[in-house]
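Structural characterization, general
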Amino acid sequence: MLASGSSDGSLGLWNINGQSIIQPSRVDGCWVDCLAFSPDGKYIISSINNDPLSGRGFAGVLKLWDLEGNIIGNPFTGHEDSVTCVAFSPDGTLIISGSVDGTVRLWDQQGNAVGSPFIGHKFRVTSVDFDPTGKQVVSSGVDGTVRLWPVDWVYWLQVGCDRLRYHPVLKNPQTEVERQAWETCQNYVWEPEKGTQKLYEQALQRIKDEENFPAAEEKNFSDAILILNLVIQFNPDHADAYYHRGKCYADFHNKHKTIVDFNTAATLYRQQGKTETEEYLEVKKFLNQL
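Description of the UniProt feature "repeat: WD" (unreviewed entry) in the chain
When the UniProt feature table is mapped onto this chain, "repeat: WD" (unreviewed entry) is found at residues 1-24, 76-108 and 118-149. Counted over residues 76-108, helix gives 0% and strand 58%. Its end C-alpha atoms are 10 Å apart. Helix and strand shares over residues 118-149 are 0% and 56% respectively, and the end C-alpha atoms of the span are 7 Å apart.

Some remarks on the state of the cysteines
Put plainly, a disulfide is one covalent bond tying together the sulfur atoms of two cysteines. Enumeration over the complete set of coordinates arrives at 1 disulfide. At a sulfur-sulfur separation of 2.1 Å, the disulfide partner of Cys-161 is Cys-185. With the S-S bond torsion at -80°, the cross-link from Cys-161 to Cys-185 turns out left-handed. With Cys-161 in helix H1 (residues 153-163) and Cys-185 in helix H3 (residues 176-190), this pair connects stretches of sequence that are 24 residues apart. Neither residue differs from the other here; Cys-161 and Cys-185 are each classed as buried. Cysteine Cys-85 shares no disulfide, and the gap to the nearest cysteine sulfur, in Cys-34, comes to 6.2 Å.

Section: the sheet that holds strand E14 (residues 146-150)
With antiparallel pairing, the 3 strands of this open sheet are ordered in space as E12-E13-E14. The open sheet has two edge strands with one neighbour each: strand E12 (125-130) and E14. Ignoring which end each strand starts from, the neighbouring axes of this sheet average 20° apart. Direction of pairing for strand E13 (residues 136-141) relative to E14: antiparallel, over a ladder of 5 bridges. Each bridged residue has a counterpart across the sheet, and for Val-138 the counterpart in E14 is Leu-148.

What about the side chain of Arg-105?
Within the secondary structure, Arg-105 is located in strand E10 (residues 103-108). Within the buried set, Arg-105 has no salt-bridge partner at all; the shortest N-O distance to an opposite charge, 4.5 Å, is to Asp-101. A distance of 3.5 Å separates the side chain of Arg-105 from the side chain of His-79, its partner in a polar contact. Not counting residues up to four positions away in its chain, the partners in contact with Arg-105 are Gly-78, His-79, Ile-95, Ile-96, Ser-97 and Pro-117.

Quick notes on the rules
Residues numbered from 1 in each chain as written. Predicted model: local features only at pLDDT ≥ 70, side-chain atom pairs only at ≥ 80, totals over all residues. Heavy atoms only, no water. UniProt positions renumbered as here; feature names shortened; annotations may be inferred. Helix = DSSP H or I, 4+ residues; strand = E, 2+ residues; numbered from the N terminus. Disulfide = S-S within 2.5 Å. Buried < 20%, exposed > 50% of the residue type's maximum accessible area, 1.4 Å probe, protein only. Pairing = 2+ DSSP bridges. Axes fitted to C-alpha atoms, helices over the stretch in contact; angles between N-to-C directions. Lys, Arg positive; Asp, Glu negative; His and termini not counted. Salt bridge = Lys/Arg side-chain N within 4 Å of Asp/Glu carboxyl O. Polar contact = N/O pair within 3.5 Å; in protein donor to acceptor, adjacent residues only side chain to side chain. Contact = heavy atoms within 4.5 Å.

So this is what it looks like as C-alpha cells:
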C-alpha cells in the first residue's frame, strides 16, 4: 500500500498497481508536504500546511488518519510554520516532526507535545527520523547541519545521575544548584516512587484549584495535564494518572483523548486488581456508553 499527499490538500491511498483504494480525503486551501505510515500500518500521520498570512488560524499542523481517510482526534498544533518532515518511532507510540520554523517537535499519538521543542537548526528542517532503539532522533536542515537529539529524556536522566552517583558534588552537595541536582537524581532516578508521588499530588492540587472556579469557562486544566504527562513518563503504569488526565481532557471536550486515557486506565486497573475502585467503575461506565 502507498500513501500520497498533494498540494491540493488531499491524502490518497493506492495499491502497488496504482489503483486508488479510497476516495481521497482533502483539507481545502491547504497542502500536504509529508506523511508517514505507523509501524503497524494502521495509521498515517501527515502535515497540513497553510499560508500563515491567510487568516485560517494555523501555519502547519499534523493530523492522524486511519486507512479509511478519517481524521483521528484533533490536529497536533505547535509549529509556527509549515511542517516539512515527519516520522513514527519504531514502536509507533511517538511521532517526530520538523518545520520551516527550524524546530523539531516530539508528540505522542494523541497529539500531546512530549517535552520542549528541540531548537538548534537555524533554518528549515529537511528530514527527521528515529534511531532503531527509539531513544534518539536525527534531523538535518538547510543550515547544513545534522543533529542528534535525545528522545527518552528519562533514560538519559538516569544515565547522567548513575554516572555521577559517587561524584563528590552529589555525595556532599554544597551549593543550591548541587542540592537541586542531588534531589532530582534522588527523587526521580534512585527513588522514583517518591518523586512520582510528589508530582501526582501536585497535579491533584492543580485539578482541585481549577474545580473551585464557579464558571466552566474559567477552568483550565492545562497545568495539571502537563504534570500528569510527567507522572506517566516516569511511571507508565500509573493508572490513576491516566484516569485524571482523561477527566481533564473531558473538561476540554476532547473525546478522543479521553477515550484513549480511559481505555489505558481501565486496562491498568484490571492488571493491578483494582476493579472495585470508584475510578475503575467510572471509567468502565463511560466506556460502556460509547
